[in-house]
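Letter by letter, the chains look like this.
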Amino acid sequence: MEFDNKKHNSKHARELPTVAVVHFKIKEAKGTKWLSFNGTKLGHIPARIVFKLPFLQHLYLSGCALRGALREELANLENLVTLDVSCNKLQEVPLRLPLSWKSLVTLDLSCNDFIEIPRTINELVSLEDLNFAQNRILYLPVEISSLPNLKLLDASSNLLRDIDGAVFTGAISESLQTLKIANNLLHRLPSEIGALKLLEELDVRDNNLTYLPANVKLLLRLQVFHYAGNEWKILQHKKHFRIRNEKFTARCEKIQSSYGADALETLFCLIYPKSV
């Protein structure tokens with residue numbers, strides 16, 4: 001019995017600083033509308049955040065040892081502009097949460113255990129940055145295409161084998177500037193990627209790509225193209241491409257990314273040939 005008491009007292013002593021930190025930060029956030037528990041091993045999201053800070057705008061919960069699903073009560077934080085829950089063990093975003101976050105601009109779900117993005121993601125009408133890199137996502141929901149202000153989409157390091165072309169054809173085609181889909185299992189990109197008329201950065205590193213669809217020629221604003229770690233087939237079967245592509249092949253062995261005008265030139269070299 002004495003051993004159990006010591007263990008209980010030790011645990012209680014460890015929890016006291018966390019409780020004090022939570023109390024102090026929540027009190028402080030009432031004035032700043034900004035709350036960060038980054039690196040604090042909370043284990044769960046304190047209910048007091050929801051009920052005492054209804055006007056909170058920025059919430060950072062990275063590396064807080066959170067598990068399972070996000071609390072549905074977070075829907076009460078209707079004024080959120082930033083939510084960062086990266087580097088936890090979260091597995092689910094309840095469907096009702098995006099319905100309440102009409103002001104959310106930045107959503108970071110990276111480095112968790114999510115296997116899907118909720119279909120209600122299209123309700124985040126103010127969203128500009130969406131990051132769910134390093135999860136176990138199997139597909140991109142087409143509802144992403146309806147996000148009218150999305151500028152950055154990072155789906156790197158997931159389990160994507162294919163992307164529905166419809167993802168790139170909605171309102172997102174008028175806003176997306178950065179697309180990161182590196183380190184997945186992609187064998188091809190949909191031709192609809194050419195609809196992303198404002199795209200400036202494309203990262204397709206470390207997939208299983210061999211060619212790009214012809215519609216990438218429409219990505220005339222592209223300034224940054226990361227392409228290393230794929231199985232590109234250079235168009236050496238065409239005589240007028242031979243010298244150019246021998247140089248390109250040699251360059252690919254040394255360079256992993258292209259910038260400025262070189263980004264478009266590299267992109268065009270990797271387009272699937274219409275005739276072989």
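Structure first, text after, so check above.
Residues numbered from 1 in each chain as written. Predicted model: local features only at pLDDT ≥ 70, side-chain atom pairs only at ≥ 80, totals over all residues. Heavy atoms only, no water.

## Overview of the nonpolar core
Okay, step 1: In terms of nonpolar packing, the biggest core is built from 71 residues, with Leu59, Phe132, Ile144, Leu179 and Phe225 touching the most fellow members.
Okay, step 2: Within the residue set of this core, elements represented by two or more residues are α1 (2-32), α2 (47-52) and α5 (261-269).
Okay, step 3: Leaving out residues up to four positions away in the same chain, Ile144 has contacts with Ile121, Leu130, Phe132, Leu150, Leu153, Val167 and Ile172. (Core = buried A, V, L, I, M, F, W, Y, C linked by side-chain atoms within 4.5 Å. Buried < 20%, exposed > 50% of the residue type's maximum accessible area, 1.4 Å probe, protein only. Helix = DSSP H or I, 4+ residues; strand = E, 2+ residues; numbered from the N terminus. Contact = heavy atoms within 4.5 Å.)

## Re unusual backbone geometry
Leave glycine aside and you will find that most residues have negative phi; peptide bonds, for their part, are mostly trans.
Okay, step 1: Phi at Gln134 is positive, roughly 60°, even though this residue is not glycine.
Okay, step 2: Tracing the backbone shows Gln134 in the loop between β7 (129-131) and β8 (152-154).
Okay, step 3: Unlike most non-glycine residues, Asp206 shows phi in positive territory, near 55°.
Okay, step 4: Judged by relative accessible area, Asp206 falls into the partly exposed class, the value being 42%.

## Remarks on the layout of surface pockets
Okay, step 1: Computed from the structure, the second largest pocket encloses a volume of approximately 190 Å³.
Okay, step 2: As for the second largest pocket, its lining consists of Gln91, Glu92, Val93, Pro94, Leu95, Ile115, Glu116, Ile117, Pro118, Arg119 and Tyr139.
Okay, step 3: A class-by-class count of the residues in the lining of the second largest pocket yields 7 nonpolar, 1 polar and 3 charged. (1 Å grid on protein atoms, 1.4 Å probe; cavity = no way out; pocket = protein on both sides within 12 Å on 5 of 7 lines; lining within 4 Å. Points joined across faces, edges and corners; volume = space filled by probe spheres on them. Nonpolar A, V, L, I, M, F, W, Y, C, P; charged D, E, K, R; others polar.)

## Topic: the sheet that holds strand β2 (residues 58-60)
Okay, step 1: Taken in spatial order, the 10 strands of this open sheet run β1-β2-β4-β6-β7-β8-β9-β10-β11-β12, and their pairing is mixed. Of all the strands in the sheet, the pair left with one neighbour each is β1 (34-36) and β12 (257-259). Averaged over all pairs of adjacent strands, the angle between strand axes in this sheet comes to 5°, irrespective of strand direction.
Okay, step 2: In this fold α5 packs onto β10 (201-203), β11 (224-226) and β12, with an angle of close to 130° to the strand it touches most, β12. (Pairing = 2+ DSSP bridges. Axes fitted to C-alpha atoms, helices over the stretch in contact; angles between N-to-C directions.)

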